[in-house]
Each structure stands twice: as structure tokens, then as C-alpha cells.
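Residue-level listing of the chains:
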Amino acid sequence: MFHEIPQAVYDRMKYLEHMDALDRSGGTPSEKRLRQVSPEMGKFIAMLAMGAPEGVLIEIGTSAGYSALWLALACRYLGRKLVTFEVLDEKASLALETFRLAGVQDVVDLVTGDARPCLDSFEDIAFCFLDAAKEVYLDCYEALIPRMVRGALLVADNAVSHSALLQDFLQRAMGDRLVDSLIVPIGNGALLCRRV
Ligand SMILES: C[S@@+](CC[C@H](N)C(=O)[O-])C[C@H]1O[C@@H](n2cnc3c(N)ncnc32)[C@H](O)[C@@H]1O
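These numbers come from a predicted model, not from an experiment.

Chemist: Quick one: what's the story with the packing of helix H1 (residues 7-26) against helix H3 (residues 66-78), residue by residue and with numbers?
Modeler: Their axes nearest at 10 Å, the elements H1 and H3 cross at an angle of 155°. When the axes of H1 and H3 are compared, the pair comes out roughly antiparallel. At the point where H1 passes H3, the crossing takes the left-handed sense. For the pair formed by H1 and H3, the contact residues are Val-9, Arg-12, Met-13, Leu-16 and Glu-17 on the first element and Tyr-66, Leu-69, Trp-70 and Leu-73 on the second. Looking at the contact of H1 with H3 residue by residue, the classes come out as 7 nonpolar, no polar and 2 charged.

Chemist: Let's hear about the packing of helix H2 (residues 39-50) against H3: which residues, and what values?
Modeler: As a packed pair, H2 and H3 sit with axes 8 Å apart at the nearest point and diverge in direction by 30°. The orientation of H2 with respect to H3, classified from their angle, is roughly parallel. In this structure, H2 meets H3 at a crossing whose hand is right-handed. Between H2 and H3, the residues in contact are Pro-39, Gly-42, Lys-43, Ile-45, Ala-46, Ala-49 and Met-50 and Tyr-66, Ser-67, Trp-70, Leu-71, Ala-74, Tyr-77 and Leu-78, respectively. A class-by-class count of the residues in the contact of H2 with H3 yields 11 nonpolar, 2 polar and 1 charged.

Chemist: Explain the sheet that holds strand E3 (residues 108-112) to me, and be specific about the residues and the numbers.
Modeler: An order of E3-E2-E1-E4-E5-E7-E6 is seen for the 7 strands of this open sheet, with the pairing classed as mixed. Taken across any chain shown, the strands that pair with only one partner, and hence form the sheet edges, are E3 and strand E6 (179-184). Along the sheet, successive strands turn relative to each other by an average axial angle of 15°, direction set aside. Relative to strand E7 (residues 190-195), E6 runs antiparallel, the two sharing 6 bridges. The residue of E7 that forms the bridge with Ile-183 is Leu-191. Taken strand by strand, H3 contacts strand E1 (56-60), strand E2 (82-86), E3 and strand E4 (125-130), and its axis lies near 175° from that of E1.

Chemist: Let's hear about the site of the ligand: which residues, and what values?
Modeler: In the vicinity of the ligand, 23 residues are found, and the nearest of them are Val-37, Gly-61, Ser-67, Glu-86 and Asp-131. When the ligand is considered free in solution it has 610 Å² of accessible area, and contact with the protein chains removes 95% of it. Secondary-structure elements contributing two or more residues to the shell around the ligand are H3 and E2. A class-by-class count of the residues in the shell around the ligand yields 11 nonpolar, 6 polar and 6 charged.

Chemist: Give me the lowdown on the pattern of salt bridges, citing residues and values where you can.
Modeler: Using the criterion set out here, one finds 11 salt bridges in the structure. The partner of Arg-100 in a salt bridge is Glu-97, with the nearest N and O atoms 3.2 Å apart. Here Arg-100 and its partner Glu-97 are both found in helix H4 (residues 89-102), 3 residues apart, which amounts to about one turn of the helix. The partly exposed category is assigned to Arg-100, whose relative accessible area is 45%. Residue Arg-172 pairs with Glu-142 through a salt bridge whose shortest N-O separation is 2.6 Å. Here Arg-172, found in helix H6 (residues 167-174), pairs with Glu-142, found in helix H5 (residues 137-144); they are 30 residues apart in sequence, far enough to count as distant. The partly exposed category is assigned to Arg-172, whose relative accessible area is 33%. The network of salt bridges with shared partners includes Asp-114, Arg-116 and Asp-139.

What counts as what
- Residues numbered from 1 in each chain as written.
- Predicted model: local features only at pLDDT ≥ 70, side-chain atom pairs only at ≥ 80, totals over all residues.
- Heavy atoms only, no water.
- Axes fitted to C-alpha atoms, helices over the stretch in contact; angles between N-to-C directions.
- Helix = DSSP H or I, 4+ residues; strand = E, 2+ residues; numbered from the N terminus.
- Parallel < 35°, antiparallel > 145°, perpendicular 65-115°, else oblique.
- Left-handed = near helix turned anticlockwise from the far one by under 90°.
- Contact = heavy atoms within 4.5 Å.
- Nonpolar A, V, L, I, M, F, W, Y, C, P; charged D, E, K, R; others polar.
- Pairing = 2+ DSSP bridges.
- Near = heavy atom within 4 Å.
- Areas by Shrake-Rupley, 256 points an atom, 1.4 Å probe, with all protein chains shown as cover.
- Salt bridge = Lys/Arg side-chain N within 4 Å of Asp/Glu carboxyl O.
- Buried < 20%, exposed > 50% of the residue type's maximum accessible area, 1.4 Å probe, protein only.

Worth remembering: the numbers are spatial, not functional.
So this is what it looks like as C-alpha cells:
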């Protein structure tokens, strides 16, 4: 599957990886940085999403759409769509450009705005990648978990790199009987929760 990434998707992935590397080395102001996941984490979430049960696939925190491209590959495989949320207009514009150039507009719906008030509208969430402002993780968790179908997966990034900031969220998830959870030491550390 990942040996045959469509050329347009591959080209945009490589471009964004290059831009992200420049951000990290060149002192781009923090709010302008793409802060996207590594290719390894992208593949990890795509592989997990490919095994998701029936239901909606969500991403919270699109940035320029790099991780969404990986999830779009899973959506093509599943014949389903991704709904991805980005609060900043500037990043949302970059993401739209990404989806257009990569030719994945048919499998990705971008919603511009804070994801939190929108999560109530879902009833059958099968997969969510949470990669947004750390302050919103707990609110998102409380909205997502009751709306997840059995076997659904939540992957939250930065569980190791930002463990202090995410302490309340991590404690809540690890102690919640509605999910089985563990921290996977990949990239910046992923909290993986499976709805029981
Ligand atoms: C770490 S970046 C996401 C990187 C992206 N997942 C990738 O790997 O390509 C976090 C993004 O989340 C967005 N964000 C933060 N809080 C949000 C919220 N409440 N709802 C939607 N987007 C949010 C930020 O504007 C930022 O672009």
C-alpha cells in the first residue's frame, strides 16, 4: 500500500517535509511553523486508521495537511472520508492547497474553526488523530470518547514530548474504564486509546 503512494500525494508530502525541516532549523515564528508529525508517525496513524471499525474518521489539528495526507491514503483504502479541523485561517488555506495539489479533495473535508464545539455533532467516531493545542486535549477527549464506536481508536500526539503539559489529560485517559490505553514511544510519543 505505502509502496504505491500516488505521485501527487508523494510530491506534496516531500514538499511539506522540506518546509517543516526549514521551520525547525530557521527560526520561523512559532505560530507560523507547520509543526507536523514525522513520516514515521504519519505512516503509523495511517496504518491504524486502515484498521478502524465502521464510522467517521477525524483529525483535530490540520496545519498544512501533512498528517491528513497520510490519513487520506487510509481513507482511499477504506472508501471513506476524513474530517479534519484547523482553527487558523492561514493554516487552513495551506491545507486546502495541499489537498488540491495532492488530488485528495474527494476524501478530505476541511473544517476551519475550533473543533471543540463541532464534536457533539458526531455519533459514530471510528478514529481520531488529536494533534492540536495542548490546552484543548482534555476537552476533546471528553467529547470524543462517548461518541466512539466499539473498537474505535484515538491517537493523541506529544504524549511524551509534552507529558508535563498533558498531565491531566494523560491521567484521565489512562484511568478511564471506557478505553484501553498505552503510550507508544514513536515520534513525540503517541497516546493510543481503544474504545472498549
Ligand atoms: C501540531 S499542529 C498539527 C500538525 C498536523 N497534524 C500535521 O502533522 O501535519 C497543531 C495545529 O492544530 C491547530 N489547532 C490548535 N487548536 C485547535 C482547535 N481547538 N481546533 C482545531 N485546530 C486547532 C493549530 O492551529 C495547528 O495548526
